[in-house]
Amino acid sequence: DCGACMVMVGSRDEAAPGLAERASVFVGEHLSEPDLSTARVASALACSPDYLGRVFRASFNETLTDHIHRLRIERALTLFRSTGLPADRVAAAVGFGDVRYFRRIFKRRVGLTSGQFRRLRPSAGHGTARRGSSLDRSSDAAWLEEDLGP
């Protein structure tokens, strides 16, 4: 499947973790680009998308597409927490070319719409809520962050 990944004939299994790691690095470097896909990563690494997908899943226990989505949503969460950018600008900033697709993936991964998540975020200058009160949503936000793993 991926001749460039083989150091010598039969060494594909030894080369697979390195390929998966290179794919992960490539994704990190190109995450904000809307055309990032398994096919693009495979092309850049000179191997087939099917082989790359199998190797990536075996190495990281998630598909390459799920990896891209997880990293993009993590960045989106950071932007929602730290800026007042609307969802369409956040979507574009993290690499989603279609805001409707971003909203669907966000809801699937986070369990809330982007608007619902933003309302969980404590407002600047309103840090007077006691821990555990209905006004203190920081524990909810921490739960969301922990829940976004692979």
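Residues numbered from 1 in each chain as written. Predicted model: local features only at pLDDT ≥ 70, side-chain atom pairs only at ≥ 80, totals over all residues. Heavy atoms only, no water.

## So, the packing of aromatic side chains
Aromatic rings in a pair are described by how distant their centres are and how their planes are angled relative to each other. What the rule picks out here adds up to 7 aromatic pairs. A centroid spacing of 4.7 Å and a plane angle of 40 degrees characterise the contact between Phe56 and Phe60, whose relative ring orientation is tilted. Here Phe56 and its partner Phe60 are both found in helix H3 (residues 49–60), 4 residues apart, which amounts to about one turn of the helix. With a relative accessible area of 0%, Phe56 lands in the buried category. (Phe/Tyr/Trp six-rings, centres within 6.5 Å; stacked < 30°, edge-to-face > 60°. Helix = DSSP H or I, 4+ residues; strand = E, 2+ residues; numbered from the N terminus. Buried < 20%, exposed > 50% of the residue type's maximum accessible area, 1.4 Å probe, protein only.)

## Things to note about the packing of helix H4 (residues 64–82) against helix H6 (residues 99–110)
Two elements in contact, H4 and H6, have axes whose closest approach is 10 Å; the angle formed by their N-to-C orientations is 90 degrees. Considering their axes alone, H4 and H6 lie roughly perpendicular with respect to each other. Side by side, H4 and H6 meet where Asp66, His69, Arg70, Ile73, Ala76, Leu77 and Phe80 of the first sit next to Tyr101, Phe102, Ile105, Phe106, Arg109 and Val110 of the second. (Axes fitted to C-alpha atoms, helices over the stretch in contact; angles between N-to-C directions. Parallel < 35°, antiparallel > 145°, perpendicular 65-115°, else oblique. Contact = heavy atoms within 4.5 Å.)

## Let's talk about the confidence of the model for the protein chain
Scored by pLDDT, the protein chain has a mean of 80; 71% of the residues are at 70 or more. Low pLDDT, under 50, characterises residues 1–11; the predicted model gives this stretch 19 contacts beyond four residues in sequence or across chains. Overall, residues 124–143 carries pLDDT values under 50, and its contacts beyond four positions in sequence, including any with other chains, amount to 8 contacts. (pLDDT = per-residue confidence, 0-100.)

## Remarks on the side chain of Ser24
With respect to the element layout, Ser24 can be found in helix H1 (residues 12–30). Its relative accessible area of 17% is what places Ser24 among the buried residues. In contact with Ser24, other than residues within four places in its own chain, are Phe56, Phe60 and His67.

## What about the nonpolar core?
Core analysis: the largest hydrophobic core is formed by 19 residues, its most contacted members being Leu19, Val27, Leu36, Val41, Leu52 and Leu64. Counting residues per element, the ones that place at least two in this core are H1, helix H2 (38–44), H3 and H4. With residues up to four places along the chain from it excluded, the contact list for Leu52 reads Leu19, Ala23, Thr38, Val41, Ala42, Cys47 and Leu64. Residues Leu77, Phe80, Val90 and Phe102 belong to the second largest nonpolar core, which totals 14 residues. (Core = buried A, V, L, I, M, F, W, Y, C linked by side-chain atoms within 4.5 Å.)

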